[in-house]
Amino acid sequence: MSSAAISPDIARRNRRAGIVALGLAIGMLGLGYAAVPLYRIFCEATGFGGTTMKVSEAAADKIAVTNKPITIRFDSNVSSALPWRFKPENTTEKITIGARDMAAFTATNLSSKPVTGTATFNVTPTQAGRYFAKVQCFCFTEQTLEPGETVRMPVIYYVDPAILTDPDTKDIEEITLSYTFYPLDQAKKGS
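Residues numbered from 1 in each chain as written. Predicted model: local features only at pLDDT ≥ 70, side-chain atom pairs only at ≥ 80, totals over all residues. Heavy atoms only, no water.

Enquirer: What am I meant to see in the side chain of lysine 134 here?
Expert: Looking at the secondary structure, you find lysine 134 in strand 7 (residues 132–137). Among the polar contacts made by the side chain of lysine 134, one reaches the side chain of tyrosine 179 at a distance of 3.4 Å. (Helix = DSSP H or I, 4+ residues; strand = E, 2+ residues; numbered from the N terminus. Polar contact = N/O pair within 3.5 Å; in protein donor to acceptor, adjacent residues only side chain to side chain.)

Enquirer: Looking at this structure, how should I read the confidence of the model for the chain?
Expert: Close inspection of predicted coordinates is inappropriate for parts of the model with low pLDDT. Confidence in the prediction for the chain averages 82 pLDDT; 77% of positions are at 70 or higher. Ranking the elements of the chain by mean pLDDT puts helix 3 (residues 186–189) last with 44 and strand 3 (residues 84–88) first with 96. (pLDDT = per-residue confidence, 0-100.)

Enquirer: I tried to follow unusual backbone geometry on my own but got confused; where do I start?
Expert: Here threonine 124 and proline 125 are connected by a cis peptide whose omega angle stands at 0 degrees. Relative to the assigned elements, proline 125 resides in the loop between strand 6 (115–124) and strand 7.

Enquirer: Honestly, the nonpolar core in this entry has me stumped. Any pointers?
Expert: Soluble globular proteins tend to bury their nonpolar side chains together. Core analysis: the largest hydrophobic core is formed by 31 residues, its most contacted members being Ile72, Phe138, Val159, Ile175 and Tyr179. Contributing elements (two or more residues each) for this core: strand 2 (69–78), strand 3, strand 5 (101–109), strand 6, strand 7, strand 9 (150–159) and strand 10 (174–183). (Core = buried A, V, L, I, M, F, W, Y, C linked by side-chain atoms within 4.5 Å. Buried < 20%, exposed > 50% of the residue type's maximum accessible area, 1.4 Å probe, protein only.)

Enquirer: Sorry, what's going on with the pattern of salt bridges here?
Expert: Pairing is possible between side chains that carry opposite charge, provided their charged atoms lie close to one another. As enumerated under the stated definition, the model contains 2 salt bridges in all. For glutamate 174, the salt bridge is made with arginine 73, and the minimal N-O distance between the two is 3.2 Å. Of the two residues, glutamate 174 is situated in strand 10 and arginine 73 in strand 2; the sequence distance between them amounts to 101 residues. The class for arginine 73 is partly exposed, based on a relative accessible area of 34%. Between arginine 152 and glutamate 89 there is a salt bridge, and its shortest N-O distance comes to 2.7 Å. (Salt bridge = Lys/Arg side-chain N within 4 Å of Asp/Glu carboxyl O.)

Enquirer: Help me understand the side chain of threonine 116 in this model?
Expert: Tracing the backbone through its elements, the reader meets threonine 116 in strand 6. Classification of threonine 116 as buried rests on a relative accessible area of 7%. A polar contact is formed between the side chain of threonine 116 and the side chain of threonine 144, at a distance of 2.6 Å.

Below, the structure written as structure tokens:
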């Protein structure tokens, strides 16, 4: 066989391999970009890693209140890059499982300019995350504080009674809700 007869066949195979490799690279790049939002959706749906559940007012209205108490501990942290003071008004509350409750935090901008922050949150023990439901939370939106401004930030939440029937969570007596505030990335705001 001459090299001229093999060349078109090899060229076609090389072209096909190149197209397949390019398609795989584009697919992997797309999965890389989609991984973060998909992981967040997975965590919110399952409570994985202590991620709390976000529920509507209508869903919260359908929850049955039990007579079992549970202690909720509130933890607050601030990134060293954010000039804020942030703390819960009460560090612990004893609530009834299934009953809606409200906790409040205060944040103060200690700088001389407006600063925007955003909060991340989690629940420990992590297996309780799927049963800790937030109806309303400051953590769902960006918070901008003017120089020296202090704001009160409420969280409306409940602990789902299903926590009492899960073998991994039925003996939990205390849940910690922890927030960490970070400065909002100015590049994301287009500044």
